[in-house]
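Commentary on secondary and tertiary structure
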Amino acid sequence: MGLEEKLPSGVLLTTVEGLAGYFRKASFWPATFGLACCAIEMMEFGAPKYDSSRFGMEVFRASPRQADLMIVAGRVSQKMAPVLRQIYDQMAAPKYVLAMGVCASSGGMFNNYAIVQGVDHIVPVDMYLPGCPPRPEMLIDAVMKLHDKIQSTKLGAHREAEIASNEKIALEAVPTSAMKGLLR
Amino acid sequence: MSTTDFPQTGGSTDPYAQSQDTTSGPVFTVTGQDWDEVVAGVDPDANERIVVNMGPQHPSTHGVLRLILEIEGESVTEARCGIGYLHTGIEKNMEYRTWTQGVTFCTRMDYLAPMHYEAAYVLGVEKLLGITDQVPEKAQVLRVMMMEVNRISSHLVAIATGGMEIGALTVMTVGFRERELCLDVFEMFSGLRMNHAYVRPGGVALDVPEGGLDAVDRFVALMRKRLPELAALCNQNPIFKGRLKDVGYLDLAGCLALGVTGPALRSTGYDWDLRKKQPYSGYETYDFDVITRDEPDAYGRFRIRLDEMNESLRIVEQCVARLRTLEGAPVMVADKKIAWPSQLAVGPDGQGNSLEHIRHIMGESMEALIHHFKLVTEGFRVPAGQVYTSLESPRGELSCHLVSDGGTRPYRAHFRDPSFSNLQATAAMSEGGMLADVIVAIASIDPVMGGVDR
Amino acid sequence: MSQTPTGGTQEPSSTAVGGEEVVPSEARTLEVVEVREGMFGIHGSGDTTGYGGLQRPIVMPGASRRPFGGWFDDTADQLERLLGESIGDGAVESVVVDRDELTLHVRRERVPEVCQHLRDDPALRYELCTGISGVHYPHETGRELHAVYHLLSMTHNRRIRLEVAVPESDPHIASVVAVYPTADWHERETYDFFGIIFDGHPALTRILMPDDWPGHPQRKDYPLGGIPVEYKGATIPPPDERRSYS
C-alpha cells in the first residue's frame, strides 16, 4: 500500500542533501520583518485565504534566532538599515533573505535620501520579488522558487564548491546595464 | 584638563572619580567587576528600574515603532516612542511629481487607509483648482463608497493586529479573512488590492465595472453575517475584557491636549466626527450615526471600531443604491484640461488604457491626443495658494496642507497624520501601568507607522 | 465644510489651468513670488521652443483688506481687542483670506501669546492644534522659513491658520508646547525637516531622521538624493534631475 509497494525490496534511497533540503524547505520559518504595505500583504499570506501554513510557514518567529527566512517586506529607511543588518546577523545559518516588493528589491518608487535603494546594499538577497505590493500569490511563487533553491542546495564540500562556482558565474555574467538594446 | 571641560560636574575634573554630583544627579563611574557593589550600595531602586528597548523589529509594536520604556518590575515609569524607522520622504518626493502623480505617493503613506489619503490630497487639489463643485456626483459617491470599505478593512486590521499582539491569534485570522472580502471589492473597482491610485483630481480613475454593484451587495450581506461573529468572539470574552478594560485610559481633556482624534476621542463620549461636523464629498446626504462610548479605554475604542464598521456598511448600502441610479454618469470632471484622460481596462498584459480610449485618441480626435499627452507628461497647472483639507480617516483627523506656486507640481505637500498625533498619547496612557498594557494601549490607538513617519 | 464667508471678499478669478492669475480688483494685494521665463523647463541657448520670451509672474495670494467676510471679521476684531493692537502693527502682521480659509501672519515672538488667546477666549476657542509644519520659500530673502500652525475650534466648528516667517540665518520661533502640548512632536518634525528652532521646547531633537543626520531634508536646497537607475543600457536620472515643465 502506497510507497512501500513501489520500492524494490522495500528500501527507499535518497541523498543526505535531498533529505536535508526537504526538511529545511518544508518547515521554513519566516522572521517578522514587516515594515510597510508589503507587510500587510505578507500578513494576508499568513491569513486563511492564502494560507502559509500549508507550506509550514505560518509561525512568523519574532526571534531571529529561530527563523530561517527573513522576508524584508517594505521600504527600508536609512534609520532602519542598521536594525535590518543586526537582525540578519542574529539569524542562524542556513538563512535566506527574500526581498519582497520593489522597495526592498531596489528602492522602488522612493528614489530619495530616506530609503535604502535595495536591501542588497545591506544583506545578501536570495530572492527578489517585485510588486507594489506583490499579491500574496506572487509571494507564494517566490517562496516556491526559494524552496526549489533550498532543495537543491548541497552540503559540506559540495556546498563550498557550489558557492565558488556561483561566484565565478556571477563575476563573469553580463551586468544588466550592459545588456543593451533589449528593453524587454 | 581645565575645569571648564566638565562644567556639569561643578568643577571636578577627574572623569574616573568613583562618584560625582552633576546637574543631572549623582553619576557613578564603575570600572570592571565592581558594578554590582556600586549599584547595590547606591540606589535601592537601581536594580529594580531598567530601561528596556522594545525595538523597531517586534511582533507587538504595531509596526516599526521603537518603545523606550523605563520599567520598575512590571510597571512602566516612563514610556517614550522612537519613530522614524519608516520615514520615506514622501512629502519631499511629491514636490518632484505632478499633481496627479502625487496621488500614487500619498496613497502609500498610511497603507491601511489609502483611499482616505488619496481623497484628502485630491480634495485639497480640487479646492486649489476651485472645481470642488464640479466633481461629478458619481465620482463623489464612488469616493464615499471606497472610503467606507477602506474604513472597514482598516478597522479589521486594527482589531486583527490588536488581537495578535495580545496573543489572540484567532482574532487575527478572522480579521484578515474578512479583509480579503474588502480587498476583492477594491480589486474589482480600482484594479489593485492596496495602494490604488483610484481617487484622482477631478474624480475617480475608473467607472463602476460590470457586476461591481452586485459584488458590493454580496459583500455587504456577507459582512453583515461575519462581523457579528467577530463581535461574538471578543466582546464578552473575559480574557479580552480583562486585557482591554481600564487600559490606556485617556479622558477628553487629555485627548484635546494631546491632539488625539478618531475612535480614541469618540471613546471619551465626545461625538467629533468630521464626516458629520465638516462634511466633504457629499457625506451630509448619507444617513449614519457617529459611534461614541463612555469608556475612554482600550475596550471602548475596540467596541467603537466594531460599531463603526456596521455604520460603514450602512453607508455602503446607500452608495450602491445611488450608483444604481447613476448609470452612465461621468466619473471625471468635465473640464478636459484637468480630467484624467483615459479610462483603464484590463487587457492581456494587465491593466492599462482601454482600447476604446486609444482608438479615440489615435484615430478620432487630435485634441484628445494632445490633452492626453499633456496631462500625462506635464500635468495641469494649479493656481497659487495654499489649502488645508481635512477628513475623517479610520484613525482620526487626516488633513492635507498643500501649497501651490502655480506650477504642475506641488510646492509643498504636508499631511497631518492622525497616527502621528495620536501616538504622542502613548506616554500619558502607559506610564504607571504595566508593561503588557503598553502594547494594548498602543494597539487601541492603532497607529500605522507609514503614516506616522511618512 | 467650514462656514464660507458671505460677501465682501473678492477672490481673483483663478483660471483653472493655464498659469497666469488674473489680476484682481483692489480688495487684496497679490504677492509676486517669482517670475518664470520660458516653457518646458529649458533655459538659455538650448531653448528652441520659441517660448523663450514668455514671462509669467507667479503670484501668491497676499494680504487681504477689510472686510474679510463672514466670521473672519469677527475673529480679527476679537483678536485686536485681546491683543490691544490692530491687525498690521503688532503681533499679527497681515491677514490672508483665500479659498475660504483664514491665515494670520504672526510675528515669531508673539506666537505663544496669540495661541493662548486663540485657545482660551470663549469667542475663539481653538482647542485643538491639528499640526505644525514648515514651508521653505528660498526666494523670499529674510523670510525663507515659514512655520504653519493649523488650529481647529470644535466649539465653533472652524479652522484658522497661523503662519510665521523667519530668516534662514536666525530660524528661531517661540514654542507653543505650553499652550498646545500636542505641538511637541510637530515642532520636532518641523525642526528636523526645516531647521526651525523652537525656543522653549522641552526636547527639541530630530524625530524622523536618524539623530545624527546632517542637514534639513525638506528644505528646497537639500537634494532629493536619488540615484540614477540603470536598466539594460538605459539610464534614468533621479526625479530631481529630470526635465521639469515649470
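Residues numbered from 1 in each chain as written. Chains lettered and ligands numbered in written order. Predicted model: local features only at pLDDT ≥ 70, side-chain atom pairs only at ≥ 80, totals over all residues. Heavy atoms only, no water.

Here we take up the overall build of chain C. Within chain C one finds 3 helices and 11 strands. Secondary structure elements of chain C occur, N-terminal to C-terminal, as β-β-α-β-β-α-β-β-β-β-α-β-β-β. With 246 residues in all, chain C has 52% of them scored as buried. A sequence separation of at least 24 residues applies to 54% of the contacts in chain C between residues at least 6 apart. With the model as given, the accessible surface of chain C reaches about 10,400 Å², and the carbon-plus-sulfur share is 51%. (Helix = DSSP H or I, 4+ residues; strand = E, 2+ residues; numbered from the N terminus. Buried < 20%, exposed > 50% of the residue type's maximum accessible area, 1.4 Å probe, protein only. Contact = heavy atoms within 4.5 Å. Areas by Shrake-Rupley, 256 points an atom, 1.4 Å probe, with all protein chains shown as cover.)

What follows covers the overall build of chain B. Check the secondary structure of chain B and you find 18 helices and 12 strands. Looking at chain B residue by residue over its 454 residues, the buried ones come to 62%. For chain B, the share of sequence-separated contacts (at least 6 apart) that also reach a separation of at least 24 residues comes to 68%. In the form shown here, chain B has an accessible surface area of approximately 16,100 Å², with 53% of it arising from carbon and sulfur atoms. Charge separation in chain B, taken as the distance between the mean sites of 42 positive and 60 negative side-chain charges, equals 8 Å. (Lys, Arg positive; Asp, Glu negative; His and termini not counted. Charge placed at Lys NZ, Arg CZ, Asp CG, Glu CD.)

On to the pattern of salt bridges, then. Residue and element names in this part refer to chain B. Throughout the structure, instances matching the rule amount to 52 salt bridges over all chains. Ionic pairing is found between Lys374 and Glu378, a salt bridge with its closest N-O pair at 2.4 Å. For Lys374, a relative accessible area of 26% puts it in the partly exposed group. Through salt bridges with shared partners, a single network forms among Glu148, Arg151, Arg266, Asp273, Arg275, Glu308 and Glu392. (Salt bridge = Lys/Arg side-chain N within 4 Å of Asp/Glu carboxyl O.)

Turning to the side chain of B:Ser399, a few remarks are in order. Residues and elements named next belong to chain B. As for its placement among the helices and strands, Ser399 is situated in strand 11 (residues 396–404). Relative accessible area serves as the criterion here: at 0%, Ser399 is assigned to the buried category. A distance of 3.2 Å separates polar atoms of two side chains, one belonging to Ser399 and the other to Glu397. Dropping the residues within four chain positions of it, Ser399 is found in contact with Tyr388, Thr389, Ser390, His414, Phe415 and Arg416. (Polar contact = N/O pair within 3.5 Å; in protein donor to acceptor, adjacent residues only side chain to side chain.)

Turning next to the pairing of strand 4 (residues 66–72) of chain B. Residue and element names in this part refer to chain B. Where burial is concerned, the two faces of strand 4 differ: the one with Leu67, Leu69 and Ile71 is buried and the one with Arg66, Ile68, Glu70 and Glu72 is not. Inspection of the sheet shows strand 3 (residues 49–54) paired to strand 4 by 6 bridges, in the antiparallel sense. Its bridge partner lying in strand 4, Ile50 is registered against Ile71. The pairing of strand 4 with strand 5 (residues 75–82) spans 7 bridges and is antiparallel. Each bridged residue has a counterpart across the sheet, and for Glu70 the counterpart in strand 5 is Glu78. Counted between consecutive antiparallel strands, the loop separating strand 4 from strand 5 contains 2 residues, among which Gly73 sits at a positive phi close to 75 degrees. (Pairing = 2+ DSSP bridges.)

Among the surface-exposed residues, A:Leu19, A:Tyr22 and A:Phe23 lie close enough to one another that they form a single nonpolar patch of about 320 Å² accessible area. Checked against the element boundaries, A:Tyr22 lands in helix 2 (residues 16–26). (Patch = residues over 30% accessible without salt bridge, like charges linked within 9 Å, V, L, I, M, F, W, Y side chains within 5 Å.)

Our focus in this paragraph is the sheet that holds strand 12 (residues 410–416) of chain B. Residues and elements named next belong to chain B. Taken in spatial order, the 3 strands of this open sheet run 10-11-12, and their pairing is antiparallel. The open sheet has two free edges, formed respectively by strand 10 (385–393) and strand 12, since each of these has just one partner strand. Ignoring which end each strand starts from, the neighbouring axes of this sheet average 15 degrees apart. Together, strand 10, strand 11 and strand 12 form the strand contacts of helix 4 (residues 114–129), whose direction differs from that of strand 10 by roughly 150 degrees. (Axes fitted to C-alpha atoms, helices over the stretch in contact; angles between N-to-C directions.)

As a further point, take the environment of B:Ala205. Residue and element names in this part refer to chain B. If you trace the backbone, Ala205 turns up in the loop between strand 7 (203–204) and helix 7 (212–234). Judged by relative accessible area, Ala205 falls into the buried class, the value being 3%. With 137 residues separating them in the primary sequence, Ala205 and Ser342 have C-alpha atoms 8.0 Å apart. Look past the residues within four positions of Ala205 in its chain and what remains in contact with it is Ala197, Tyr198, Arg200, Ser342, Gln343 and Leu344.

A word on the packing of helix 1 (residues 71–83) of chain C against helix 2 (residues 111–120) of chain C. Residues and elements named next belong to chain C. Closest axis-to-axis distance for the helix 1/helix 2 pair is 11 Å, and the angle between their directions is 120 degrees. Here helix 1 is positioned oblique relative to helix 2, judged by the angle of their axes. For the pair helix 1 and helix 2, the sense of crossing is right-handed. Between helix 1 and helix 2, the residues in contact are Leu79, Leu82 and Leu83 and Glu113, Val114, His117 and Leu118, respectively. (Parallel < 35°, antiparallel > 145°, perpendicular 65-115°, else oblique. Left-handed = near helix turned anticlockwise from the far one by under 90°.)

Time to look at the sheet that holds strand 3 (residues 96–100) of chain A. Within a sheet, neighbouring strands are paired by backbone hydrogen bonds and run either parallel or antiparallel to one another. All names here are of chain A. Reading across from one edge, 1-2-3-4 is the order of the 4 strands in this open sheet, with parallel pairing throughout. If you trace the sheet from one side to the other, it starts and ends with strand 1 (30–31) and strand 4 (127–129), each paired once. Direction of pairing for strand 3 relative to strand 4: parallel, over a ladder of 3 bridges. Counterpart to Leu98 in the pairing with strand 4 is Met127. Relative to strand 2 (residues 69–73), helix 3 (residues 37–46) is tilted by about 130 degrees, and along the sheet it contacts strand 2 and strand 3.

Helices that pack against each other are described as a pair by the angle of their axes relative to one another and the distance between those axes. Residue and element names in this part refer to chain B. Running from amino to carboxyl end, helix 6 (residues 169–190) crosses helix 7 at an angle of 170 degrees, the nearest separation of the two axes being 10 Å. With respect to helix 7, the element helix 6 is oriented roughly antiparallel. The hand of the helix 6/helix 7 crossing is left-handed. Taken together, the residues of helix 7 that come into contact with helix 6 (itself represented by Thr170, Val171, Val174, Arg177, Glu178, Leu181, Cys182, Val185, Met188 and Phe189) are Gly212, Leu213, Ala215, Val216, Phe219, Leu222, Met223, Arg226, Glu229, Leu230, Leu233 and Cys234. Among the residues forming the contact of helix 6 with helix 7, the class breakdown is 16 nonpolar, 2 polar and 4 charged. (Nonpolar A, V, L, I, M, F, W, Y, C, P; charged D, E, K, R; others polar.)

All names here are of chain B. Looking at where Arg322 falls in the secondary structure, it is placed in helix 12 (residues 298–325). Given the relative accessible area of 22%, Arg322 is considered partly exposed. It is 8.3 Å that separates the C-alpha atoms of Arg322 and Lys138, two residues lying 184 residues apart in sequence. A distance of 2.8 Å separates a polar atom in the side chain of Arg322 from the backbone oxygen of Thr285.

A few words on the interface of chain C and chain A. Tallying the contact residues gives 21 residues for chain C and 14 residues for chain A. Put simply, chain C and chain A have 3 residue pairs in polar contact (both at pLDDT 80 or more) between them. Ranked by the residues each element gives to the side of chain C that touches chain A, the list is headed by strand 10 (residues 229–231) of chain C, at 3 residues. Residue composition of the side of chain C that touches chain A, grouped by class: 15 nonpolar, 4 polar and 2 charged.

Before going further, it helps to examine the interface of chain B and chain C. In this assembly, 61 residues from chain B lie in contact with 67 residues from chain C. Summed over both sides, the interface of chain B with chain C buries roughly 5,300 Å², with 54% coming from carbon and sulfur. Considering only the surface of chain B that becomes buried against chain C, B:Lys92, B:Arg381 and B:Tyr411 emerge as the three largest contributors, covering 14% of it. For the pair chain B and chain C, the number of links is 4 salt bridges. For B:Arg454, the salt bridge is made with C:Glu189, and the minimal N-O distance between the two is 2.7 Å. Counting across the interface, chain B meets chain C through 28 residue pairs in polar contact (both at pLDDT 80 or more). (Buried area = accessible area lost by both parts, 1.4 Å probe.)

By themselves, these observations are geometric and do not establish any function.
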